[in-house]
Amino acid sequence: MMQESWDFPWEDVRWAALPLGGGVGRSQALCGAISGGAMAIGMRLGQRGVERAELEGESRERTMEMVRRFRERFGQADCRELTGHDFNDPEEYRKWRES
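Residues numbered from 1 in each chain as written. Predicted model: local features only at pLDDT ≥ 70, side-chain atom pairs only at ≥ 80, totals over all residues. Heavy atoms only, no water.

Some details on the environment of Val 67
And step 1. Looking at the element boundaries, Val 67 is found in helix α4 (residues 52–74).
And step 2. Separated by 34 residues in sequence, Val 67 and Ala 33 have C-alpha atoms that sit 10.0 Å apart. (Helix = DSSP H or I, 4+ residues; strand = E, 2+ residues; numbered from the N terminus.)

Structure representation (structure tokens):
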């Protein structure tokens, strides 16, 4: 989605997002979709060509709004609760992958 919307190099996006699955490295903490969304916000703001310090506040605000909307829509931001599976249990992970 980031690549299609904002023309980021596909390989860069793909590799940057690799460890986000399963709540960041299968830790099942914060949902990887939120982490990826935060990356997209940063990448998009970075295209403006201004100093990082100028964008820190805006990036936080946009990210907080994204997380708020995600929680509003899905009820929370925790990967384990969202999926209903324990990814550290091989059988549970298999069930999730097949669902």
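Re the packing of helix α3 (residues 32–46) against α4
And step 1. One way to put it is that α3 packs onto α4 with a least axis distance of 10 Å and a crossing angle of 150 degrees. Our classification of the angle between α3 and α4 gives roughly antiparallel. Handedness of the crossing formed by α3 with α4: right-handed. Residues Ala 33, Ile 34, Gly 37, Ala 38, Ile 41, Leu 45 and Gly 46 of α3 form the contact with α4, whose own contacting residues are Leu 55, Glu 58, Ser 59, Arg 62, Thr 63, Met 66, Val 67 and Phe 70.
And step 2. Counted by class, the contact of α3 with α4 contains 9 nonpolar, 4 polar and 2 charged residues. (Axes fitted to C-alpha atoms, helices over the stretch in contact; angles between N-to-C directions. Parallel < 35°, antiparallel > 145°, perpendicular 65-115°, else oblique. Left-handed = near helix turned anticlockwise from the far one by under 90°. Contact = heavy atoms within 4.5 Å. Nonpolar A, V, L, I, M, F, W, Y, C, P; charged D, E, K, R; others polar.)

Looking at the nonpolar core
And step 1. Among the nonpolar cores identified, the biggest contains 5 residues, and these are Cys 31, Ile 34, Val 67, Phe 70 and Ala 77.
And step 2. When near neighbours in sequence (up to four residues on either side) are disregarded, Cys 31 contacts Gly 23, Phe 70, Ala 77, Cys 79 and Leu 82. (Core = buried A, V, L, I, M, F, W, Y, C linked by side-chain atoms within 4.5 Å. Buried < 20%, exposed > 50% of the residue type's maximum accessible area, 1.4 Å probe, protein only.)

What about the side chain of His 85?
And step 1. With respect to the helices, strands and loops of the structure, His 85 is situated in the loop between α5 (79–83) and α6 (90–98).
And step 2. On the accessibility criterion, His 85 (17% relative accessible area) is buried.
And step 3. Residues contacting His 85, with those up to four places away along its chain left out, are Gln 28, Arg 80, Glu 92, Lys 95 and Trp 96.

A few points about the packing of aromatic side chains
Aromatic ring pairs are reported here in terms of the distance separating the ring centres and the angle at which the planes meet.
And step 1. Counted according to the given criterion, the structure contains 4 aromatic pairs.
And step 2. Members of the aromatic cluster, joined through ring pairs, are Phe 87, Tyr 93 and Trp 96.
And step 3. Positioned above the aromatic ring of Tyr 93, the side-chain terminus of Arg 26 is 3.6 Å from the ring centre. (Phe/Tyr/Trp six-rings, centres within 6.5 Å; stacked < 30°, edge-to-face > 60°. Lys NZ or Arg CZ within 6 Å of the ring centre and 35° of its normal.)

Some words on unusual backbone geometry
The phi torsion of most residues other than glycine is negative, and most of the peptide bonds are trans.
And step 1. A positive phi angle, near 70 degrees, is found at Val 24, a position not held by glycine.
And step 2. Relative to the helices and strands, Val 24 resides in the loop between α2 (10–17) and α3.
And step 3. Among the residues examined, Val 24 registers a relative accessible area of 37% and is labelled partly exposed.
And step 4. We note that Gln 28 has phi near 60 degrees; this positive angle belongs to a residue other than glycine.
And step 5. Tracing the sequence through the fold places Gln 28 in the loop between α2 and α3.

Section: the side chain of Gln 28
And step 1. Using a relative accessible area of 3% as the deciding quantity, one classes Gln 28 as buried.
And step 2. If we ignore the near neighbours within four places in the chain, the residues touching Gln 28 are Gly 22, Gly 23, Asp 78, Cys 79, Arg 80, Thr 83, His 85, Asp 86, Phe 87 and Asn 88.

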